[in-house]
Amino acid sequence: MFFASDNSGPVHPEILAALTEANQGYAMAYGADAQMQAVQEKIRRIFEAPDAAVYLVATGTAANSLALATLSQPWQTIFCSPVAHIHEDECNAPEFYSGGAKLTLVPGGDRMTPEALRASITGEETRGVHGPQRGPVSITQVTERGGVYSIAELQALCAVAKEYGLPVHLDGARFANALVALNASPAEMTWKAGVDAVSLGGTKNGCMGVEAVIFFDPKHAWEFELRRKRGAHLFSKHRYLSAQMDAYLTDDLWLRSARRANDNCARLVEGLRAAGATFLHEPQANIVFASFPRATHRRLMGAGASYHLWGAELEGLDEDEMLACRMVCDWSVGTDQIDQFLSLL
């Protein structure tokens, strides 16, 4: 009954098998391995973007920070949600790698609206040389609260950014989960909507540790390569990144894994609703924010369930007090775990 994080699950066996195979013999270093070429070709085909520049790094923070640094200048500001991972969970790495570009938080919840984004953009570049200049817009898909932007919503946000000539970055740590939730194509969820760069996540969806950075305009390629090297994120034994991403994209493993996670999350949500739980945010992918009584939390955790309370403490005298929690399903969570969990509610 492990619902603490999709970072905590095991590596998919198909990924491990690919790593074992890649470990045979020798391969050129620093991304010159043959598998990296295969990865680039697969991503270009999958995204319907034959000219895209494709690179691999080992962490989501590196993917986001280096991509945003490539799209921005140190004197600019990056527009994002108040709960975006780049704001709450990356220890100022975007600011560090960009050389000082600040973050402007667009008021609202986990999903930005075009109106709020436009107001935030127009609020900057108003003080001449004394204030930050307008920079990239960063959208998180799936959001940090488990929401999924529709294609129309993505298009609307990108349209606002384009009004001001600003590039758009998509933080896709859970890209595959959003994709299967929308039943859309990668192209529809990215460049066709107006997205310029994507952090394509693999780690949360069964990989050991790999993320792809995709620029749909190859003009950014050389700068990204320099920033990746200078930022100490160019792997010498790069074939182990390539092998993961290659296997991840083979036979739709990335989509199969995400669909399993989403489907099992839906099963969990259905059982929680039936038991009377309330939801802080409507679950749309593989993340749940739910509230139920302290006594139920005690019973679940006492039986070995693992998940995170959200702004609440387990200790307390009121057994009926509703405590919020965050639960995440990864590819490895099975229906047996979910049914065991639900039987304890």
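Each chain carries its own residue numbering, running from 1 in the written order of its sequence. Totals for whole chains, interfaces and linings use all residues, but because this is a predicted model, local features are given only for residues with pLDDT of at least 70 and pairs of side-chain atoms are given and counted only at 80 or more. Water and hydrogen atoms play no part in the side-chain values, which are based on all heavy atoms of the structure.

(A) View of helix 12 (residues 294–302). Think of it in three bands: residues with accessible area under 20% of the maximum for their type are buried, residues over 50% are exposed, and the middle band is partly exposed, with areas taken using a 1.4 Å probe on protein chains only. Helical segments are the DSSP runs of H or I of at least four residues, strand segments are the runs of E of at least two, and each set is numbered from the N terminus. Along helix 12, the residues classified as buried are Arg294, Thr296, His297 and Leu300. Each buried residue of helix 12 sits inside an arc of 155° when the element is viewed along its axis, so together they form one side. Tucked inside the fold, the buried residues of helix 12 contact strand 9 (287–293), strand 10 (308–309), strand 11 (322–328) and helix 13 (335–343). Following helix 12 by one or two positions, Gly304 adopts a phi angle in the positive range, close to 105°. The arc in question is the one spanned by the directions pointing from the helix axis to the C-beta atoms. Note on contacts: a residue pair is in contact if any heavy atoms of the two residues lie within 4.5 Å.

(B) Examining the sheet that holds strand 2 (residues 76–80) more closely. Here the rule is simple: two strands pair whenever DSSP picks up at least two bridges between them. One open sheet holds the 7 strands; their spatial order is 1-7-6-5-4-2-3, and the pairing between them is mixed. This sheet does not close on itself; its edge strands, each paired only once, are strand 1 (53–57) and strand 3 (102–105). In this sheet, neighbouring strand axes are inclined to one another by 25° on average, regardless of whether the strands run parallel or antiparallel. Sheet topology note: the strand 5 (residues 168–172)/strand 6 (residues 197–201) ladder contains 4 bridges and is parallel. For Gly172, the partnering residue across the bridge sits in strand 6 and is Leu200. For every element, the axis is a line fit to its C-alpha atoms; helices are fit only across the contacting stretch, and the angle between N-to-C directions ranges from 0 to 180 degrees. In the packing of helix 7 (residues 151–163) onto the sheet, the strands contacted are strand 4 (133–140) and strand 5, and the crossing angle to strand 5 comes to about 145°. Docked against the sheet, helix 9 (residues 221–230) engages strand 1 and strand 7 (211–215), running at close to 10° with respect to strand 1.

(C) Geometry of the packing of helix 11 (residues 253–274) against helix 13. One can describe the packing of helix 11 onto helix 13 by two numbers: an axis separation of 10 Å at closest approach and a directional angle of 15°. Comparing their axes, helix 13 and helix 11 come out roughly parallel. The hand of the helix 11/helix 13 crossing is right-handed. Where helix 11 approaches helix 13, its residues Asn264, Arg267, Leu268, Gly271 and Leu272 are matched on the opposing element by Thr335, Ile338, Asp339, Phe341 and Leu342. Under the scheme applied here, ten amino acids are nonpolar (Ala, Val, Leu, Ile, Met, Phe, Trp, Tyr, Cys and Pro), four are charged (Asp, Glu, Lys and Arg), and all others, including Gly, are polar. In terms of residue class, the contact of helix 11 with helix 13 is made up of 5 nonpolar, 3 polar and 2 charged. These descriptions rest on fixed angle ranges, namely under 35 degrees for roughly parallel, over 145 for roughly antiparallel, 65 to 115 for roughly perpendicular, and the rest for oblique. Take the far helix as your reference; a near helix turned counterclockwise from it by less than a right angle gives a left-handed crossing, and one turned clockwise gives a right-handed crossing.

(D) Structural context of the pattern of salt bridges. Salt bridges are defined as contacts in which a side-chain nitrogen from Lys or Arg sits within 4 Å of a carboxyl oxygen from Asp or Glu. Going through the model one piece at a time under the given rule, you end up with 15 salt bridges. Residue Glu88 pairs with Arg145 through a salt bridge whose shortest N-O separation is 3.9 Å. Residue Glu88 is found in helix 4 (residues 85–88), and its partner Arg145 is found in the loop between strand 4 and helix 7; the two are separated by 57 residues along the sequence. Its relative accessible area of 14% is what places Arg145 among the buried residues.

(E) Structural context of helix 9. Within helix 9, burial applies to Ala221, Phe224 and Arg228. Projected down its long axis, helix 9 carries its buried residues within an arc of 65°, all on one side. Helix 9 presents Trp222, Lys229 and Arg230 as exposed residues on the side facing more than 90 degrees away from its buried surface. Those residues of helix 9 hidden inside the fold are in contact with strand 1, helix 3 (60–71) and strand 7. Backbone geometry just downstream of helix 9 places Ala232 in the positive-phi region, at approximately 65°.

(F) Highlighting the nonpolar core. Joining through side-chain atoms within 4.5 Å is the link that ties buried Ala, Val, Leu, Ile, Met, Phe, Trp, Tyr and Cys residues into a set, and such a set is a nonpolar core. In this structure, Ile43, Val137 and Trp254 are the most contacted members of the largest nonpolar core, which totals 64 residues. Within the second largest apolar cluster, 21 residues are counted, among which are Cys265, Ala277, Cys329 and Leu342.

(G) Here's a closer look at unusual backbone geometry. Residue Val142 follows Gln141 across a cis peptide bond; omega there is 5°. By secondary structure assignment, the location of Val142 is in the loop between strand 4 and helix 7. Residue Cys91 is not a glycine yet carries a positive backbone phi of 50°. Mapped onto the secondary structure, Cys91 falls in the loop between helix 4 and helix 5 (93–97). Take Cys91: its relative accessible area is 77%, and that puts it in the exposed class. A positive phi is found at Ala232, a non-glycine position, where the angle reads about 65°. Residue position: Ala232 is located in the loop between helix 9 and helix 10 (239–249).

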